Amino acid sequence: MISWVPLLACAVMGWIFSAGLPQQLPIGLMDQDHSALSRQLARFLDATPGLKLTASYDDTVQATQALRRTDVYAVVSIPADFSRQVKLGQAAQVTLLHNAQLGTHSGLIQRDVRTAVATLSAGVEMSARNKRGQPALLTRVAMEPIQTQMETLFNVSLNYEQFLGAALIPALLHILAMTAGAWSVGRELRDATLGQWLGDTPSLTGAVAALFGKLSWPFLSLGLVATASLVGLTWGRGWHPGGSLVWVMLALIGLQALSLVMGAVVAAGTLSLRLALSATGFITAPAFAFSGVGFPLQSMPLLARGWAELLPYTHYMRLQIEQLQMAAPLRYSINSMVGLWLATGLLAGLTALLLVRAAHHPQSWGIR
């Protein structure tokens, strides 16, 4: 659980997001018009890199069943009078049926379908204006008198591997590290071997040394896995971030160290491996959801925002985004780095104190 399993899990996670950007999402078409214009729209949809027309349906019942079976992620419905309304100069409507529960799929499909429909609509309008003798340049200005200029500052290519895969791997290692810390200390309590581990007359210095020895192996192993994963996701994939990769690496190793002592302090404080593992799941499993990557921190309720700020993963992700995505100066990331390592030292000292206290109460050992 601290060697090949984390390495395999990180490799699988990286492989899942290796495509970078979802392409060729399967969609269906319900063409009730069967005109040259509707076939042209179908060609536009299929030519969009993010979409792939994989099925055609005759009615809404078939389309709904396909969506429920997830044979396709969306269905584009073209009404029977589509071409006639366009020729009469009336507004024709194309309906997109999509499953909004699949948020990523739905958002990408909506964007690409809008682009394809807008391209066809613009072509129809320009052709009609040109036939009336309006110059092409004047036509373009008349169709879009106010233009929006959008500049993507970070993650220009919208690469899911670089912002989502790179965020999930540290979250996975965070879970494994805290579990390893809780298990390493908790099993000494569960098996009633705490006295053998700490000695007959445990001292604070001895407890610190024993804790360091106990957690050194998972720290080294998970630290190597974290380093290999970070280097593989960046340099290994041809991504050379503008920020400091070394700074992110130190923070990621700091997150592993803090996670280990978090698990250890919970085990030493509760004197129960079962409670320690339960607390580990409670703290680490939802950490990604509260980190601000999937849902904006500023939009969370006050209590949720406060809980997010207490979680170390939130602060690590802030540092990682600042360095890997935004190429921010190091001074913006100093607080997060200092906080991770300072919290590690403080919790390690607290764990040692709790272990010394537990050593003087052998009646509490063996609790499952």
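Below you will find a few notes about this structure. (Residues numbered from 1 in each chain as written. Predicted model: local features only at pLDDT ≥ 70, side-chain atom pairs only at ≥ 80, totals over all residues. Heavy atoms only, no water.)

## Some points on a nonpolar patch on the surface
And step 1. On the surface, Trp-4, Leu-8, Val-12, Trp-15 and Ile-16 cluster together into a nonpolar patch covering about 620 Å² of accessible area.
And step 2. Here Val-12 is to be found in helix α1 (residues 4-16).
And step 3. For Val-12, a relative accessible area of 38% gives the class partly exposed. (Patch = residues over 30% accessible without salt bridge, like charges linked within 9 Å, V, L, I, M, F, W, Y side chains within 5 Å. Areas by Shrake-Rupley, 256 points an atom, 1.4 Å probe, with all protein chains shown as cover. Salt bridge = Lys/Arg side-chain N within 4 Å of Asp/Glu carboxyl O. Helix = DSSP H or I, 4+ residues; strand = E, 2+ residues; numbered from the N terminus. Buried < 20%, exposed > 50% of the residue type's maximum accessible area, 1.4 Å probe, protein only.)

## Examining helix α14 (residues 334-359)
And step 1. Here α14 contains 26 residues, and its C-alpha end-to-end distance of 38 Å stays within 8% of the 38 Å for a straight helix at 1.5 Å per residue.
And step 2. Taken together, the buried positions of α14 are occupied by Ser-336, Met-337, Leu-340, Thr-344, Thr-351, Ala-352, Leu-354, Leu-355, Val-356, Ala-358 and Ala-359.
And step 3. Structurally, α14 contributes buried residues whose contacts are with α7 (160-190), α8 (194-198), α9 (204-233), α10 (245-270) and α13 (312-325). (Expected span 1.5 Å × (residues − 1). Contact = heavy atoms within 4.5 Å.)

## Topic: the packing of aromatic side chains
And step 1. Taken as a whole and assessed by the stated rule, the structure comprises two aromatic pairs.
And step 2. Judged by centre distance (5.2 Å) and plane angle (45 degrees), the ring pair of Tyr-160 and Phe-163 falls under tilted. Highlighted residues: Tyr-160 and Phe-163, both in helix α7, separated by three residues, approximately one helical turn.
And step 3. Owing to a relative accessible area of 13%, Tyr-160 belongs among the buried residues under this scheme.
And step 4. For Phe-163, a relative accessible area of 26% corresponds to the partly exposed category.
And step 5. Taking the ring centre of Trp-197 as reference, the NZ or CZ of Lys-214 above it sits at 4.9 Å. (Phe/Tyr/Trp six-rings, centres within 6.5 Å; stacked < 30°, edge-to-face > 60°. Lys NZ or Arg CZ within 6 Å of the ring centre and 35° of its normal.)

## Some details on the nonpolar core
Proteins that are soluble and globular tend to have nonpolar side chains buried together.
And step 1. One finds Leu-194, Tyr-313, Tyr-316 and Leu-355 to be the most contacted residues of the largest nonpolar core, which totals 80 residues.
And step 2. It is α10 that provides the largest number of residues to this core, a total of 16 residues.
And step 3. Setting aside anything within four residues of it in sequence, one finds Tyr-313 in contact with Ala-167, Leu-168, Pro-170, Ala-171, His-174, Leu-255, Ala-287, Phe-288 and Ser-291.
And step 4. Counting residues in hydrophobic clusters, the runner-up holds seven residues, among them Met-30, Tyr-57, Ala-63 and Val-75. (Core = buried A, V, L, I, M, F, W, Y, C linked by side-chain atoms within 4.5 Å.)

## Some remarks on the packing of α10 against α14
And step 1. Between α10 and α14, whose axes approach to 8 Å, the crossing angle comes to 25 degrees. With respect to each other, α10 and α14 are oriented roughly parallel. As α10 runs across α14, the sense of the crossing is left-handed.
And step 2. Split by residue class, the contact of α10 with α14 holds 22 nonpolar, four polar and one charged. (Axes fitted to C-alpha atoms, helices over the stretch in contact; angles between N-to-C directions. Parallel < 35°, antiparallel > 145°, perpendicular 65-115°, else oblique. Left-handed = near helix turned anticlockwise from the far one by under 90°. Nonpolar A, V, L, I, M, F, W, Y, C, P; charged D, E, K, R; others polar.)

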